[in-house]
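Observations on the model geometry
Each chain is listed here by its residues.
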Amino acid sequence: MLELDAITIATPERVLIRRLSAQVAGSEVLTVMGESGSGKSSLLAMICGTLPDGLIASGSIRLAGRDLGELSTSRRRVGMLFQDDLLFLHMTVLDNLLFALPADDSRAKRVAAAQAALQSAGLEGHALRFPASLSGGQRARVSVLRALLAQPDALLLDEPFSKLDAALRQRFRSFVFERIAQQRIPAVLVTHDPQDVPEGGSVIELQTEPEDA
């Protein structure tokens with residue numbers, strides 16, 4: 001369970017988000033929508049612990065019973081997907097996936113986990129290829145696999161579908177939501193597109209407040 005309690009984020013000039021509260025259970029996706037500048041990405045940054053120093057934040061965030069405000073970014077166990085896949089271009093697909101797995105596990109165990117993930121995504125035989133040789137859809141799937149192999153307790157999605165064409169966007173959306181359900185983790189999706197909202201999912205619409213609010 002991801003719990004947001006009275007989250008407020010502001011610049012010195014205006015409030016971006018005022019007292020937002022929500023609960024997101026495992027397998028659920030909370031969609032956050034709103035105009036540019038309404039604080040959507042700032043909310044994700046607060047959850048994962050990367051909020052810029054220039055922003056003022058209050059409220060509490062709990063994940064799997066832990067108060068994230070007391071934890072560094074690396075200890076929060078929060079995964080992140082962006083518009084770009086951010087794969088390491090100088091590394092093979094396999095090495096990109098191994099990067100997400102615990103280094104103290106044996107290499108054989110890590111390779112087996114990565115190969116199983118590739119097979120589950122229809123990417124068997126791609127382990128030794130480099131990202132530049134993959135299609136956009138294949139790269140997108142590898143980025144999801146890498147994020148989830150790290151076994152996060154929650155997944156944040158910052159408009160990960162926005163750069164894909166319509167046909168690929170629909171397939172990749174389904175792939176991501178299926179993986180979230182399989183791992184039974186809560187997720188928060190930021191998007192401008194109502195079609196990105198999963199069926200039955202909750203939606204929060206952020207409103208841009210005037211500078212004198």
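Note: the structure precedes this text.
Residues numbered from 1 in each chain as written. Predicted model: local features only at pLDDT ≥ 70, side-chain atom pairs only at ≥ 80, totals over all residues. Heavy atoms only, no water.

What to know about the side chain of arginine 173
Among the secondary structure elements, arginine 173 is positioned in helix α5 (residues 166-183). Under the relative-accessibility criterion, arginine 173 is labelled buried at 5%. Within the structure, arginine 173 has its side chain in polar contact with the backbone oxygen of glutamine 195 (distance 3.5 Å). Arginine 173 has contacts with Phe161, Gln195 and Asp196, leaving out every residue within four places of it along the chain. (Helix = DSSP H or I, 4+ residues; strand = E, 2+ residues; numbered from the N terminus. Buried < 20%, exposed > 50% of the residue type's maximum accessible area, 1.4 Å probe, protein only. Polar contact = N/O pair within 3.5 Å; in protein donor to acceptor, adjacent residues only side chain to side chain. Contact = heavy atoms within 4.5 Å.)

Concerning helix α4 (residues 136-149)
Between its terminal C-alpha atoms α4 stretches 20 Å, which fits the 20 Å expected from 14 residues at 1.5 Å a residue. Counting buried positions over the 14 residues of α4 gives 12, a clear majority of the element. Along α4, the residues classified as buried are Gly137, Gln138, Arg139, Ala140, Val142, Ser143, Val144, Leu145, Arg146, Ala147, Leu148 and Leu149. Along its buried surface, α4 packs onto β6 (78-81), α2 (93-98), α3 (107-120), β7 (154-158) and α5. Backbone geometry just downstream of α4 places glutamine 151 in the positive-phi region, at approximately 55 degrees. (Expected span 1.5 Å × (residues − 1).)

Comments concerning helix α1 (residues 40-48)
Given 3.6 residues to a turn, an α-helix orients residues that are three or four positions apart in the same direction. Within α1, eight of the nine residues are buried, which leaves the element mostly enclosed by the surrounding structure. Turning to α1, its buried residues are Lys40, Ser42, Leu43, Leu44, Ala45, Met46, Ile47 and Cys48. Backbone geometry just downstream of α1 places glycine 49 in the positive-phi region, at approximately 90 degrees.

Topic: the sheet that holds β7
Ordered in space as β6-β7-β8-β3-β9, the five strands form an open sheet in which the pairing is parallel. Edge positions in the sheet fall to β6 and β9 (202-206), since each of these pairs with one other strand and no more. When strand polarity is set aside, the average angle formed by the axes of neighbouring strands in this sheet is 20 degrees. Along the sheet face, α1 touches β3 (29-34), β6, β7, β8 (187-190) and β9 and points at about 155 degrees away from the line of β7. Set on the sheet, α4 makes contact with β6 and β7; between it and β6 the angle comes to about 170 degrees. (Pairing = 2+ DSSP bridges. Axes fitted to C-alpha atoms, helices over the stretch in contact; angles between N-to-C directions.)

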